[in-house]
Amino acid sequence: MTDALPDRLCVNPKSPHYDEGLLTRGIGIRFNGKQRMDVEEYCVSEGWIRVAAGRARDRHGNPMTIKLKGEVEPFFLDAMEAP
């Protein structure tokens, strides 16, 4: 397996930026220096993440999301556990 993370990744299987192999390995996101576990999608080059906006849903039943801008740093969760 490669340790290179993509510039953009999404947890929605309908998205073209979805990658099941990476998501099963475990991805963590550090946003503005804090670890976030509620990220739906991220883009490193543009510097944003999408997170669910409460419990609101759109007409298709998907969670409504908001875009937050800042410093995005993705990492593998298994690499964090290694000594």
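One structure accompanies this document, and this report is about it.

Here is what the cut-offs are and how they apply
Along each chain, residues carry numbers from 1 onward, in the same order as the chain's sequence is written. For a predicted model such as this one, the threshold for reporting local features is a pLDDT of at least 70, and the threshold for listing and counting side-chain atom pairs is 80 or more; totals across whole chains, interfaces and linings nevertheless cover every residue. Heavy atoms from the whole structure form the basis of all side-chain values; hydrogens and water molecules are not counted. Helical segments are the DSSP runs of H or I of at least four residues, strand segments are the runs of E of at least two, and each set is numbered from the N terminus. For the radius of gyration, the atom set is restricted to C-alpha positions; the globular benchmark scales as 2.2 Å times the number of residues to the power 0.38. Burial classification: accessible surface area is computed with a 1.4 Å probe over protein chains only, and a residue below 20% of its type maximum counts as buried, one above 50% as exposed, and the rest as partly exposed. Note on contacts: a residue pair qualifies if any of its non-hydrogen atoms lie within 4.5 Å across the two residues. Throughout, the Shrake-Rupley method with a 1.4 Å probe supplies accessible areas, and for residues the shown protein chains are the sole cover considered. Positive charges are assigned to Lys and Arg, negative charges to Asp and Glu, while His and the chain termini are left out of the count. The location of each charge is read from NZ of Lys, CZ of Arg, CG of Asp or CD of Glu. The term polar contact refers here to a pair of N or O atoms within 3.5 Å; inside protein, the definition further demands a hydrogen-donor-capable atom paired with an acceptor-capable atom, and it admits residues adjacent in sequence only when both atoms are side-chain atoms. Pairing between strands is defined by DSSP: at least two bridges between the two strands are required. Helix axes are fitted only over the stretch in contact, all axes being lines through C-alpha atoms; the angle between N-to-C directions runs from 0 to 180 degrees.

Quick look at the overall build of the protein now. Secondary structure summary: the protein contains 2 helices and 7 strands in total. The N-to-C order of helical and strand elements in the protein reads β-α-β-β-β-β-β-β-α. The C-alpha atoms of the protein give 13 Å as radius of gyration, which agrees with the globular expectation for 83 residues (12 Å, within 12%). The principal-axis extent of the C-alpha atoms belonging to the protein is close to 45 × 25 × 20 Å. The burial tally for the protein puts 27% of its 83 residues in the buried class. Counted over contacts in the protein with a minimum sequence separation of 6, partners at least 24 positions apart contribute 49%. By element, 50% of the accessible surface of the protein is carried by carbon and sulfur atoms, the whole surface being about 5,800 Å². Across the protein, 12 positive and 13 negative side-chain charges occur, with their mean positions spaced 9 Å apart.

So, about the side chain of Glu41. Considering the arrangement of structural elements, one finds Glu41 in strand S4 (residues 39–43). Here Arg8 takes part through its side chain, which lies 3.0 Å from a polar atom of the side chain of Glu41. Those residues in contact with Glu41, other than ones at most four positions away along the chain, are Arg8, Leu9, Cys10, His17, Trp48, Ile49 and Arg50.

Right, let's get into the sheet that holds strand S6 (residues 63–69). Across the sheet, which stays open at both edges, the 4 strands sit in the order S1-S4-S5-S6 with antiparallel pairing between neighbours. Both edges of this open sheet fall to strand S1 (8–10) and S6, since each of them pairs with a single strand only. Here the average twist between neighbouring strands, direction ignored, is 25 degrees. In terms of strand pairing, S1 meets S4 through 3 bridges, oriented antiparallel.

Take the sheet that holds strand S7 (residues 72–76) next. Through backbone hydrogen bonds, the strands of a sheet pair up, either in parallel or in antiparallel fashion. Reading across from one edge, S3-S2-S7 is the order of the 3 strands in this open sheet, with antiparallel pairing throughout. Edge positions in the sheet fall to strand S3 (34–36) and S7, since each has one partner strand and no second. Neighbouring strand axes in the sheet, compared pairwise and without regard to direction, differ in orientation by 35 degrees on average. Two strands pair when backbone bridges link them, and strand S2 (residues 27–31) and S3 are joined in this way by 3 bridges, in the antiparallel orientation. Looking at S3, one finds that Phe31 is bridged to Lys34.

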